[in-house]
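# A structural walkthrough
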Amino acid sequence: MSVKPADYASSVPIAWCPGCGNFAILNSAKKALTELELPPERVVICTGIGQAPKLPHYMRVNTFNGLHGREVAAAIGIKLAANDLTVIVHAGEGGAYGEGGNHFLHAIRRNVDMTLVVHDNRYYALTKGQASPTTPLGTVTRIESDGVVIPPLNPLALAISQSCSFVGQGTTGRPDLLVPLLKAAIQHRGFSLVHILQSCPTWDRVHTPQFYRDHSDELQEDYDPYDREAALRQVLTPSERHPLGILYLDDRPVYDEQALEQIEHPLRQRTVNPDAALALLATFA
Amino acid sequence: MATQLVKGNTAVIIGALYAGCDSFFGYPITPASEILHEAAQKFPQAGRCMVQAESEEAAINMVFGAATTGRRAMTASSGPGISLKSEGISYLAGAQLPAVVVDIMRAGPGLGNIGPEQGDYNQVVKGGGHGNYRNIVLAPASVQEMCDLTMRAFELSQKWRMVAVVLADGVLGQMIEPLRFPEQSVAPETDTSWAVDGTAATRPNVVTSIFLDFDQQEAFNNQLQEKYAAVEAAEQDVECIRMEDADIALVAYGISARIAQGAVEAARAEGIRAGLFRPKTLFPFPKDALNAFVDQGGKQVICVEMSNGQMCDDVKLAIECRCPVHLVNRLGGNLVTEGAVLTALRETAKQI
């Protein structure tokens, strides 16, 4: 194997709480990239602000650490300028679905070849335990002392309903399933959403790794991810159990392939030809 | 009146409750989150509305909507969040709506860090968003003033139909001091001359920031500038400490002023005639009082700030550079030290 786990190793001290689900995601992310034989210099991990966005700090990889909730938009810019690189976004559910909700919707539509990994721990952990877009109804937080009164977002149903090119779900309770899921998402051509149900030992004593092990099921082998109605049934049927695996696939046209078709790419390696612009002068007449 | 040990961010909400604020819209950000937490706890208990929005933009637009009805509305954040709110603040200014925004400044630009800074001065004092507008900007320097100036912000905001910003920093937000609770709470009345609250009385009112006709837009802009000139004439506020016979004025606001005050006392003990000039309003900047210092023989000015001379520029403008103006500053989340200010005072005193 040409790419070794050590290639992604970093000596930066980790600032996550002990027992944080992010450790499982970090390890899985490194393992997936290694197994895909992607060398770190060919990968960009793009993040915003929160606990999840610290992930690339703890890896030896190209890192873009931008604005809260804008990570997907920044990643689209990166991919269009450097479409030969593998672009992965790691965001919390606050950044991806709250602050960045609008960008999320349009990234699904645009279908740029990239992977959005959402670490959903159901809380704003960095700012100390406020409710997030996925905090369950009735949960008592330091803001919602009588319990959360607005229902949680269903990002999987939203993504599938909008024909998101790849929709998968994993959990830090089953790290064994995270590596193949991340690998499939990265390899998929188009916008891939990987929603990870993550434990937060500091703010959430309910959704432990054991809870997620006890309340999740791997999708059956005969499950057809191209069947949108079946996928919607999986994520819309009220249930205490979470399906794990690739929920939905849609081989839609990939935006960056179309947008860059007429252009010499990757843009970052292109030499700008001033004459081409000068030739346009006549057309302004 | 009760006196209690209170955190600066908590004092903001105490001030807001006493000022009759009806609604708080926020989004968490360090080091301002306690304002949201306190609002979440106390506003519903007092029958007021509080919403944790999905983003800072959502929060300021909720303020916009609530302010339209003539009720007192507020939000609070820190630098990165204030940048996001600037769009909404411009629209509030264009619609001449009162609202209160609290900025607990942290180090920037960009993500920066969560240490204290005063680098939002230009963004907040000069307006921040697009267009020819100003905000009233109040600068507390203690937990007491975090409460009192929040109350004052509501009063001035409503009086002038402008956004009033309470501009504090991470230290003021996080520190704990005794707070003497306000003497009286306010029951503000809806101003039916402009508000739109669904009653027959307010039916003819239109809240808008759009004037498609260029001359109309210009006339409206001129009207705004007249209002800002009136605010400059009426609302300048400053605290002067040992300024009566001072040769050197330390100009500082917020936590920097507390530090500068210590340096004034130390310099006086060495025979240096230093004084503290502490703006409590940054817009309007208290230029009349600063000019009086120069007119009465003041020789030098030292600006002490946790930013790159942003306030210092306004000081030079205020006195039209009629005496030397120096800058002592720190950036990046660091505080200026009393020792650094004292050193600057000694150096400056030699030039007199």
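Residues numbered from 1 in each chain as written. Chains lettered and ligands numbered in written order. Predicted model: local features only at pLDDT ≥ 70, side-chain atom pairs only at ≥ 80, totals over all residues. Heavy atoms only, no water.

### Comments concerning the environment of phenylalanine 214 of chain B
All names here are of chain B. Position of phenylalanine 214 relative to the elements: it lies in helix H8 (residues 214–234). We classify phenylalanine 214 as exposed; its relative accessible area is 74%. Linking phenylalanine 214 and leucine 172, residues 42 residues apart in sequence, is a C-alpha distance of 44 Å. (Helix = DSSP H or I, 4+ residues; strand = E, 2+ residues; numbered from the N terminus. Buried < 20%, exposed > 50% of the residue type's maximum accessible area, 1.4 Å probe, protein only.)

### Describing the pattern of salt bridges
Taken as a whole and judged by the stated rule, the model has 32 salt bridges over all chains. Between arginine 278 of chain B and glutamate 145 of chain B there is a salt bridge, and its shortest N-O distance comes to 2.7 Å. Of the two residues, arginine 278 of chain B is situated in strand E11 (residues 274–279) and glutamate 145 of chain B in helix H6 (residues 143–160); the sequence distance between them amounts to 133 residues. By relative accessible area, arginine 278 of chain B is classed as buried at 5%. Taken together, the shared-partner salt bridges in this structure form one network comprising Lys79, Asp113, Arg189 and Glu257 of chain A. (Salt bridge = Lys/Arg side-chain N within 4 Å of Asp/Glu carboxyl O.)

### Here's the deal with the interface of chain B and chain A
Each partner contributes to the interface: chain B provides 17 residues, whereas chain A provides 14 residues. Around 1200 Å² of area is buried between chain B and chain A when both sides are counted, 48% of it from carbon and sulfur atoms. On the chain B side of the contact with chain A, Tyr27, His37 and Gln52 of chain B bury the most area, a combined 38% of that side's loss. Here chain B and chain A share 1 salt bridge between them. The closest approach of N and O atoms between arginine 70 of chain A and glutamate 57 of chain B, which form a salt bridge, is 2.8 Å. (Contact = heavy atoms within 4.5 Å. Buried area = accessible area lost by both parts, 1.4 Å probe.)

### With respect to the pairing of strand E7 (residues 166–171) of chain A
Residue and element names in this part refer to chain A. E7 sits mainly inside the fold: 6 of its 6 residues count as buried. The alternating pattern of E7 places Phe166, Gly168 and Gly170 and Val167, Gln169 and Thr171 on opposite faces, both of which are buried. Two elements, E7 and strand E8 (residues 191–197), share 6 bridges in a ladder whose sense is parallel. Bridged to phenylalanine 166 within E8 is serine 192. A crossover links E7 with its parallel partner E8, the connecting element being helix H6 (residues 175–187), and its sense is right-handed. Judged from the 4 bridges that link them, E7 and strand E10 (residues 242–249) form a sheet pairing that is antiparallel. Directly across from valine 167, in E10, lies its bridge partner tyrosine 248. (Pairing = 2+ DSSP bridges. Right-handed = clockwise from strand over helix to strand, strands pointing away.)

### Overview of the domain arrangement of chain B
Residues and elements named next belong to chain B. Domain annotation for chain B reports domain 1 (3–234) and domain 2 (238–350). A straight line from the C-alpha centre of domain 1 to that of domain 2 covers 27 Å. Each partner contributes residues to the interface: domain 1 has 34 residues there, and domain 2 has 25 residues. Each partner contributes to the roughly 2400 Å² buried at the junction of domain 1 and domain 2, and carbon and sulfur atoms together form 53% of this total. Where domain 1 meets domain 2, there are 5 salt bridges. Here glutamate 145 makes a salt bridge to lysine 280, at a shortest N to O gap of 3.8 Å. Among the secondary structure elements, those contributing two or more residues to the side of domain 1 that touches domain 2 are helix H5 (121–125), strand E6 (136–138), H6, strand E7 (163–169), helix H7 (170–174) and H8. Residues belonging to the side of domain 1 that touches domain 2 are distributed by class as follows: 19 nonpolar, 7 polar and 8 charged. (Domains from an automatic or database assignment. Nonpolar A, V, L, I, M, F, W, Y, C, P; charged D, E, K, R; others polar.)

### Focus: the sheet that holds strand E3 (residues 49–52) of chain B
All names here are of chain B. If you walk across this open sheet you meet the 7 strands as E3-E2-E4-E5-E7-E6-E12, and the pairing is mixed. One side of each edge strand has no neighbouring strand; the edge strands of this open sheet are E3 and strand E12 (281–283). Sheet twist, expressed as the average angle between the axes of neighbouring strands with direction ignored, equals 20°. Looking at chain direction, strand E4 (residues 73–77) and strand E5 (residues 99–105) are connected through 4 bridges and run parallel. From the neighbouring strand, methionine 74 faces E5, where its bridge partner is valine 100. Across the sheet, helix H4 (residues 79–94) lies against E4, E5 and E7, angled at about 160° from E5, the strand it touches most. (Axes fitted to C-alpha atoms, helices over the stretch in contact; angles between N-to-C directions.)

### With respect to the sheet that holds strand E9 (residues 216–218) of chain A
All names here are of chain A. Read across the sheet, 8 strands follow the order E2-E1-E3-E4-E8-E7-E10-E9 without closing on themselves; strand pairing throughout is mixed. Whereas interior strands pair on both sides, the edge strands pair on one side only; in this sheet they are strand E2 (62–65) and E9. Strand-to-strand twist across the sheet, computed as the mean angle between neighbouring axes with direction ignored, equals 25°. Contacts between helix H2 (residues 71–81) and the sheet are confined to strand E1 (43–47), E2, strand E3 (86–92), strand E4 (114–120) and E8, with E3 contributing the most and set at about 175° to the helix.

### Regarding the side chain of aspartate 314 of chain B
Residue and element names in this part refer to chain B. Along the chain, the position of aspartate 314 falls in helix H11 (residues 310–318). For aspartate 314, the side chain forms a polar contact with the side chain of lysine 126, separated by 2.5 Å. Look past the residues within four positions of aspartate 314 in its chain and what remains in contact with it is Tyr121, Val125, Lys126 and Phe285. (Polar contact = N/O pair within 3.5 Å; in protein donor to acceptor, adjacent residues only side chain to side chain.)

### Some words on the packing of helix H1 (residues 22–35) of chain A against H6 of chain A
Residue and element names in this part refer to chain A. Two elements in contact, H1 and H6, have axes whose closest approach is 8 Å; the angle formed by their N-to-C orientations is 50°. As judged from the angle between their axes, H1 and H6 are oblique. Handedness of the H1/H6 crossing: right-handed. In this structure, H1 contributes Ala24, Ile25, Ser28, Ala29, Lys31, Ala32, Leu33 and Glu35 to the contact, and H6 contributes Pro175, Leu178, Val179, Leu182, Lys183 and Ile186. (Parallel < 35°, antiparallel > 145°, perpendicular 65-115°, else oblique. Left-handed = near helix turned anticlockwise from the far one by under 90°.)

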